[in-house]
Amino acid sequence: MRAFRESFARFIMPYKFGIDEVTTKVSILREEFSELHEYNPIEHISSRLKSAESIEQKIVRKQCEPSYDAIRESITDIAGVRIVCSFVSDVYHVFDLLTAQEDVHVLRVKDYIAAPKPNGYKSLHAIVEIPVFLSEGSVLVPVEIQLRTVAMDFWASLEHKIYYKYDGDVPAGILRDLTAAADTANDLDVTMEKLHHQVRGAGPTDGIPIAI
Ligand code: 0O2
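Residues numbered from 1 in each chain as written. Predicted model: local features only at pLDDT ≥ 70, side-chain atom pairs only at ≥ 80, totals over all residues. Heavy atoms only, no water.

### Points about the confidence of the model for the protein chain
Then, in step 1: Put simply, the protein chain has an average pLDDT of 92, and 95% of its residues get 70 or more.
Then, in step 2: Confidence over residues 204–212 falls short of pLDDT 50; this stretch has 20 contacts with residues more than four positions distant or in other chains. (pLDDT = per-residue confidence, 0-100. Contact = heavy atoms within 4.5 Å.)

### Examining the sheet that holds strand E5 (residues 137–149)
Then, in step 1: One open sheet holds the five strands; their spatial order is E1-E2-E5-E4-E3, and the pairing between them is mixed. In this open sheet, the two edge strands, each paired with only one partner strand, are strand E1 (42–49) and strand E3 (105–111). Put simply, the sheet's adjacent strands are angled 25° from each other on average, direction ignored.
Then, in step 2: Where strand E2 (residues 79–85) meets E5, six bridges bridge the pair, whose relative direction is parallel. Directly across from Ile83, in E5, lies its bridge partner Leu147.
Then, in step 3: Where helix H1 (residues 2–36) meets the sheet, its contacts fall on E1, E2, strand E4 (124–134) and E5, and the angle it forms with E1 comes to roughly 175°.
Then, in step 4: The sheet strands contacting helix H4 (residues 88–99) are E1, E2, E3, E4 and E5, and the helix crosses E5 at an angle near 170°. (Pairing = 2+ DSSP bridges. Helix = DSSP H or I, 4+ residues; strand = E, 2+ residues; numbered from the N terminus. Axes fitted to C-alpha atoms, helices over the stretch in contact; angles between N-to-C directions.)

### Focus on helix H6 (residues 172–200)
Then, in step 1: Between its terminal C-alpha atoms H6 stretches 42 Å, which fits the 42 Å expected from 29 residues at 1.5 Å a residue.
Then, in step 2: Within H6, burial applies to Leu178, Ala182, Ala185, Asn186, Asp189, Val190, Glu193 and His196.
Then, in step 3: Its buried side turned inward, H6 meets H4, E5 and helix H5 (150–165).
Then, in step 4: At the exit of H6 stands Gly201, carrying a positive phi of roughly 75°. (Expected span 1.5 Å × (residues − 1). Buried < 20%, exposed > 50% of the residue type's maximum accessible area, 1.4 Å probe, protein only.)

### A word on the pattern of salt bridges
Then, in step 1: Counted by the stated rule, this structure contains seven salt bridges.
Then, in step 2: Of the charged contacts, one joins Asp20 and Lys16 as a salt bridge, the two residues approaching to 3.0 Å between their closest N and O atoms. Residue Asp20 and its partner Lys16 are located together in helix H1, separated by four residues, close to a single helical turn.
Then, in step 3: Measuring nitrogen to oxygen at the nearest pair gives 2.9 Å for the salt bridge that ties Lys58 to Asp77. Placement of the pair is Lys58 in helix H2 (residues 52–61) and Asp77 in the loop between helix H3 (68–74) and E2, with a sequence separation of 19 residues. Taken as a pair, Lys58 and Asp77 share a single burial class, namely buried. (Salt bridge = Lys/Arg side-chain N within 4 Å of Asp/Glu carboxyl O.)

### Some points on the site of the ligand
Then, in step 1: Taken together, the neighbourhood of the ligand is formed by 19 residues, with Lys50, Lys58, Lys110, Tyr112 and Glu159 sitting nearest.
Then, in step 2: Lys58 is positioned such that a nitrogen or oxygen atom in its side chain is 2.7 Å from an oxygen atom of the ligand.
Then, in step 3: According to the grid-proximity analysis, the pocket containing the ligand is the largest pocket.
Then, in step 4: Put simply, the parts of the chain that give the shell around the ligand at least two residues each are H2, E3, E5 and H5.
Then, in step 5: Tallying contributions element by element places H5 first for the shell around the ligand, with three residues.
Then, in step 6: Counted by class, the shell around the ligand contains three nonpolar, four polar and 12 charged residues. (Near = heavy atom within 4 Å. Polar contact = N/O pair within 3.5 Å; in protein donor to acceptor, adjacent residues only side chain to side chain. 1 Å grid on protein atoms, 1.4 Å probe; cavity = no way out; pocket = protein on both sides within 12 Å on 5 of 7 lines; lining within 4 Å. Sits in = over half its atoms within 2 Å of the grid points. Nonpolar A, V, L, I, M, F, W, Y, C, P; charged D, E, K, R; others polar.)

### With respect to the packing of H1 against H4
Then, in step 1: As a packed pair, H1 and H4 sit with axes 11 Å apart at the nearest point and diverge in direction by 120°. Between H1 and H4, the crossing angle belongs to the class labelled oblique. Here H1 runs over H4; the crossing is right-handed. For the pair H1 and H4, the contacting residues are Lys25, Val26, Leu29 and Phe33 in the first and His93, Leu97 and Leu98 in the second.
Then, in step 2: Among the residues making up the contact of H1 with H4, the classes are represented as five nonpolar, one polar and one charged. (Parallel < 35°, antiparallel > 145°, perpendicular 65-115°, else oblique. Left-handed = near helix turned anticlockwise from the far one by under 90°.)

Right, here's the structure in full:
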């Protein structure tokens, strides 16, 4: 058990540093925006390292071989960073700024804003790979970045709680109400973005399509 704990700590460590690298990049962008642009598109940043239990569940779900090499290869959301933005256009703007950085290599993008999940879930997901410099050299670490608006985040956190409360078996009526609430959250995003543009006029984030 002790040997497992030690090997798991060694396995997980680069993912923690991957989170540190990405959150530093986002914090720098955020501070630069606040200092120089009189407008900050990033509301808040959070991160999480997948627990051993959650990795185990995913191994079973993905029928992945239970070896560290196989897990490294097939589970790409062990390190997760969530960026919550004010408006939909900010989500794409921040995504572009982050992924334009030369040490950020985009492996995969899932745009659940352009194509929401059937339950109404919206977010822009990107798996990026970034170098982490350790004493013995550098390693490339995958980090899942989720970008969403405040309204999308509000919806997703409540939906997540409900999903776990019912252990995944959510009653049909609640599912219907949740999907309707996702539409309401979307309407709010559209209205707030329009207001924002009216108040600010043409800005650096103009011209980016709003998913309706
Ligand atoms: P947690 O607790 O956030 O870690 P893949 O990794 O691509 O093979 P997966 O995991 O289905 O397959 O990828 P996807 O679709 O990108 O979703 C990954 C994460 O997005 C989830 O992580 C959630 O954080 C979030 N997510 C996806 N769909 C929903 C949804 O319907 N509702 C909510 N609230 N969140 C969602 P985990 O590992 O499931 O959970």
